[in-house]
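Structure assessment
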Amino acid sequence: MDGKQGPDAFQPAGSLHPADAVEPAGVSVAAEVARALAAVRPARDSAGLISEIRELEDAKSALAARQARLTFAFDLLQRREQADAGVPAAELGAGVGAQVALARRESPAKGGRLLGLAKALVTEMPHALAALETGQLNEWRATQLVKETAGLTAEDRTAVDAELAADTGTFDGAGDRQIIAAARAAAYRRDPRTVTQRASHAATDRHVSIRPAPDTMCYLTALLPADQGIAMYAALTRHADSLRSAGDPRTRGQLMADALVERTTGTPGGITGIELQLVMTDRTLVQGDSEPARLPGYGIVPATWARDLLQHGGQAHGAPQGPENYTRTGVGGARTADTDTDTARDKDEAFNVWLRRLYTAPGTGELTALDSRARLFPPGLRRLIQARDDTCRTPYCDAPIRHFDHIIPWHRGGPTTQANGTGLCEACNHTKETPGWTVSPRPGPRHSIEVQTPTGHTYHSTAPPLPGTPLPGTQLTGPPPLGIAGPATDTNHHRRKLRHQVKTLKRAGRRLSSAA
């Protein structure tokens, strides 16, 4: 599980040899399975349909077991190839999890967990692997068994696996909680000291995360020590109960959520000196167009919600009105092929609105270029790439952007430009520097890159469409962009159009501030 085994790590009996894990060229397993399934006529009675659903579930588990064996064999082969290439022993296995993630269309973090699952099942937990192959466990429950025994030595983990004997029907009819409880108890009996140390060490993993929820909501999750989490929940509950007793019409859940926001940010509205970026078209901003906006860190939001956020000082979602809230909101969306990153600022006592114009090509929605002679990306160019990419550009990875990286490395002559820049998470940026990995730009309607792995497989990534980008084969609908009547043929006339557009946006910002 620690990923530090050497290239000649233990190979258990019955596992695949790395050379046997390569499928013949031109053979598509998925296509063959699809043809075989299409040839099977569904049952006509209810009992037959349920039986087939169960058989397909067992087949999914068997395929997951096959993936585990192939993943383990791939890891062995990659380590041997890296060792032959002179890679230091401490770095053997680098990039393997990322390649598994791409092959399975998962994020790099999920790929690392799948690699660890495969190693544990193949080398240390044969009973769990056999249960997976026969459909007595699914991949999720096999993952829980591996997770609950992660702190044990290889010998103790194998002993726990034999005690549980999942392949003998021990867990028939058991739910997730029962399986986790059984594995946890067996691990504690085998090595109570290690389990206790693991529990004490778990506090170092405390963190707070956020993920989108439907209808412009989100989930704010905190991983805390149990005593702290219970204490926080009890305090919020008591606060909500006291307000309910005093006649507050809000529900207990609403009161607890509002108290959490107020106690964390210091204001009832939850916005206090925090910068929120909104990417939206000028038509959505001042002409009532229905084109959705994008809230970085969350995703797509309705146009009406975005306008209400600007006009009502952060109270668009019906949060309680409180003390004056302050924020800076970046709004982009003017459409022209010219290059400009001018910023218009408009103040209001309740809500500070900053208009930052992002110009895009009319037909494709591609942001216009902004370059620099420096090696590091300047702030303006970083904002441009952040608005364009939104999340990490590695295929299937949606982690927040932490690094701004050159596609063609700077030391190889790669320029510091929008076209040669990508936003990456920290893990993907480090993986990109592993021997055998290459990233190159590729043509496309929007900014596109091609990632090639050490095995020669290629994966493509295209920047997400910005608000207002026309769908393929369609033209822009709704009112035309402000101040843009068509392609200008005279340079001076075109400049006058741009100056008029700046003034129009400034007046629009003042109208929003006065309305608030």
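For clarity, every value in this text was computed on a predicted model and none was experimentally measured.

Helices and strands together make up the secondary structure of the chain, namely 16 helices and 15 strands. Looking at the chain as a whole, 39% of its 516 residues are labelled buried. Considering only contacts within the chain whose residues lie at least 6 apart along the sequence, 61% involve residues at least 24 apart. With the model as given, the accessible surface of the chain reaches about 28500 Å², and the carbon-plus-sulfur share is 55%.

Right, let's get into the nonpolar core. Ranked by size, the top nonpolar core spans 28 residues in total, and within it Leu 121, Leu 137, Leu 145, Leu 164 and Phe 171 carry the most contacts. Not counting chain neighbours up to four residues away, the residues in contact with Leu 137 comprise Ser 61, Ala 128, Ala 131, Leu 132, Ala 142, Leu 145, Ala 166, Phe 171 and Ile 179.

Strand order in the open sheet made by the three strands is S13-S14-S15, with antiparallel pairing throughout. Whereas interior strands pair on both sides, the edge strands pair on one side only; in this sheet they are strand S13 (438–442) and strand S15 (458–462). In this sheet, neighbouring strand axes are inclined to one another by 25° on average, regardless of whether the strands run parallel or antiparallel. The sheet contact formed by S13 and strand S14 (residues 448–452) spans five bridges and is antiparallel. Residue pairing across strands places Pro 441 opposite Ile 449, the latter belonging to S14.

Quick look at the pairing of S15 now. Across the two faces of S15 the burial differs, with Tyr 459 and Ser 461 buried and Thr 458, His 460 and Thr 462 not buried at all. Alignment of S14 against S15, held across five bridges, turns out to be antiparallel. Within S15, the position partnered with Ile 449 by the bridge is Ser 461. The antiparallel pairing of S14 with S15 creates a hairpin that spans five residues between the two strands, and Gly 456 there sits at a positive phi of about 95°.

This part covers the environment of Trp 410. Along the chain, Trp 410 falls in the loop between strand S10 (403–406) and strand S11 (416–417). Residue Trp 410 is classed as partly exposed on the basis of its relative accessible area of 41%. Taking the C-alpha atoms as reference, Trp 410 lies 9.2 Å from Leu 376; in sequence the two are 34 residues apart.

Chain-level pLDDT for the chain is 79 on average; 72% of the residues reach the 70-or-more range. The model gives residues 17–26 a pLDDT under 50, and that stretch makes 12 contacts with residues more than four places away or in other chains.

Attention now moves to the pattern of salt bridges. Going through the model one piece at a time under the given rule, you end up with 19 salt bridges. Salt bridges linked by common partners bring Asp 75, Arg 79 and Lys 119 together as one network.

In this section: the state of the cysteines. One pass over the full model with this rule turns up zero disulfides. The thiol sulfur of Cys 425 is not disulfide-bonded, and the nearest other cysteine sulfur, from Cys 428, lies at 3.4 Å. Under the relative-accessibility criterion, Cys 425 is labelled buried at 8%.

Parameters at a glance
- Residues numbered from 1 in each chain as written.
- Predicted model: local features only at pLDDT ≥ 70, side-chain atom pairs only at ≥ 80, totals over all residues.
- Heavy atoms only, no water.
- Helix = DSSP H or I, 4+ residues; strand = E, 2+ residues; numbered from the N terminus.
- Buried < 20%, exposed > 50% of the residue type's maximum accessible area, 1.4 Å probe, protein only.
- Contact = heavy atoms within 4.5 Å.
- Areas by Shrake-Rupley, 256 points an atom, 1.4 Å probe, with all protein chains shown as cover.
- Core = buried A, V, L, I, M, F, W, Y, C linked by side-chain atoms within 4.5 Å.
- Pairing = 2+ DSSP bridges.
- Axes fitted to C-alpha atoms, helices over the stretch in contact; angles between N-to-C directions.
- pLDDT = per-residue confidence, 0-100.
- Salt bridge = Lys/Arg side-chain N within 4 Å of Asp/Glu carboxyl O.
- Disulfide = S-S within 2.5 Å.

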